[in-house]
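So you can see what is in the structure, the chains are spelled out below.
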Amino acid sequence: IMAALGSLVVSLEANTAQFTAGMDKAAYQTDKAAKQMQKDAAMVGKAIGAMGAVAAGALAVLIKNSIDAADNLRDMSQKTGIAVETLNGLGFAAGQAGGSLEGMVAAAGKLNKSIAEAGQGAKEPSEAFDALGISVRDASGELKKADVIMAEVADQFAKYQDGPEKAALALRLFGKAGADMIPLLNDGGAAMRENVAYAKQYSGATKELSDAADNFNDTLGKLAIQQKSFGNAMAEAVLP
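A quick note: this is a predicted structure, and the numbers were derived from the prediction, not measured.

Q: Tell me about the side chain of threonine 80, residues and numbers included.
A: As for its position among the elements, threonine 80 is in helix H2 (residues 53–80). Given a relative accessible area of 5%, threonine 80 falls into the buried group.

Right under this line is the structure:
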């Protein structure tokens, strides 16, 4: 067993060196966002020094939850084609109207489909946009982004009375998420834009943070694999 453990240690050192080299690249990619976080963390660290382990543990949970949320926001941004900062703001706007970020992402996904189909001349989505007096293309002829169209739809919905026609339009444009979108759309495009701007200013959600969070969680996943590999190697050495 001792010989096997000795061989295992040598193998583990080699694997660790290789993994550390890979870590250097990830560390470089996240350095820009991490610098500011380090400054803030230094001040926070001094503040919680006298608060004890309970406060430190609670802060660790808060930070990890924030990292996971930023990582998740990055994934949602890629799914919807909406910038991280804007999508976070739309999630905040949805929350102000009783909705959620997840509902906003579902609605944006269906809206993207409606925009693309209308851009290709499909009858049903084109009729829905025409009824609202909205063009899916900008002045240069390019298809508009979902967040732009969403605010324009809200501008029109604020003028409509609630009823079957409004609900039908919401369902045609946003799919199953349409009904949940109505309270947000009823507030109008100006309110939506203001909430997005507010979230951009005060939430601290940025593409850089989301990218760094994604790298961090990916690195944790690699560390977990290394840990599992070490445990399996130990078990293989000991079991005979």
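Moving on from the model shown.
Q: Can you tell me about the packing of aromatic side chains, naming the residues and giving the values?
A: Inspection of every chain in the model, using the stated rule, returns 3 aromatic pairs. An aromatic cluster is present here, built from Phe92, Tyr198 and Tyr202 joined pairwise through their rings.

Q: With reference to specific residues and values, describe the nonpolar core.
A: In terms of nonpolar packing, the biggest core is built from 40 residues, with Leu111, Phe129, Met150, Val153, Phe174 and Leu185 touching the most fellow members. Of all the secondary-structure elements, those providing two or more residues to this core are H2, helix H3 (84–96), helix H4 (101–119), helix H5 (123–132), helix H6 (146–157), helix H7 (164–174), helix H8 (178–186) and helix H9 (189–202). Apart from residues lying up to four places away in sequence, phenylalanine 174 is in contact with Ala107, Lys110, Leu111, Met150, Val153, Met181 and Leu185.

Q: Give me the environment of glycine 119: which residues, what numbers.
A: Tracing the sequence through the fold places glycine 119 in helix H4. Setting aside residues no more than four positions away along its own chain, glycine 119 makes contact with Val136, Arg137 and Leu143.

Q: Describe the pattern of salt bridges, and please don't skip the residues or the numbers.
A: Taken as a whole and assessed by the stated rule, the structure comprises 10 salt bridges. Ionic pairing is found between glutamate 124 and arginine 172, a salt bridge with its closest N-O pair at 4.0 Å. Note that glutamate 124 is positioned in helix H5 and arginine 172 in helix H7, a separation of 48 residues in sequence. As a salt-bridge pair, lysine 207 and aspartate 211 come within 2.7 Å of each other at their nearest N and O atoms. A residue pair is termed a helical-turn pair when its members lie 3 or 4 positions apart in one helix, as lysine 207 and aspartate 211 do in helix H10 (residues 207–238) at 4 residues.

Calculation notes
- Residues numbered from 1 in each chain as written.
- Predicted model: local features only at pLDDT ≥ 70, side-chain atom pairs only at ≥ 80, totals over all residues.
- Heavy atoms only, no water.
- Helix = DSSP H or I, 4+ residues; strand = E, 2+ residues; numbered from the N terminus.
- Buried < 20%, exposed > 50% of the residue type's maximum accessible area, 1.4 Å probe, protein only.
- Phe/Tyr/Trp six-rings, centres within 6.5 Å; stacked < 30°, edge-to-face > 60°.
- Core = buried A, V, L, I, M, F, W, Y, C linked by side-chain atoms within 4.5 Å.
- Contact = heavy atoms within 4.5 Å.
- Salt bridge = Lys/Arg side-chain N within 4 Å of Asp/Glu carboxyl O.

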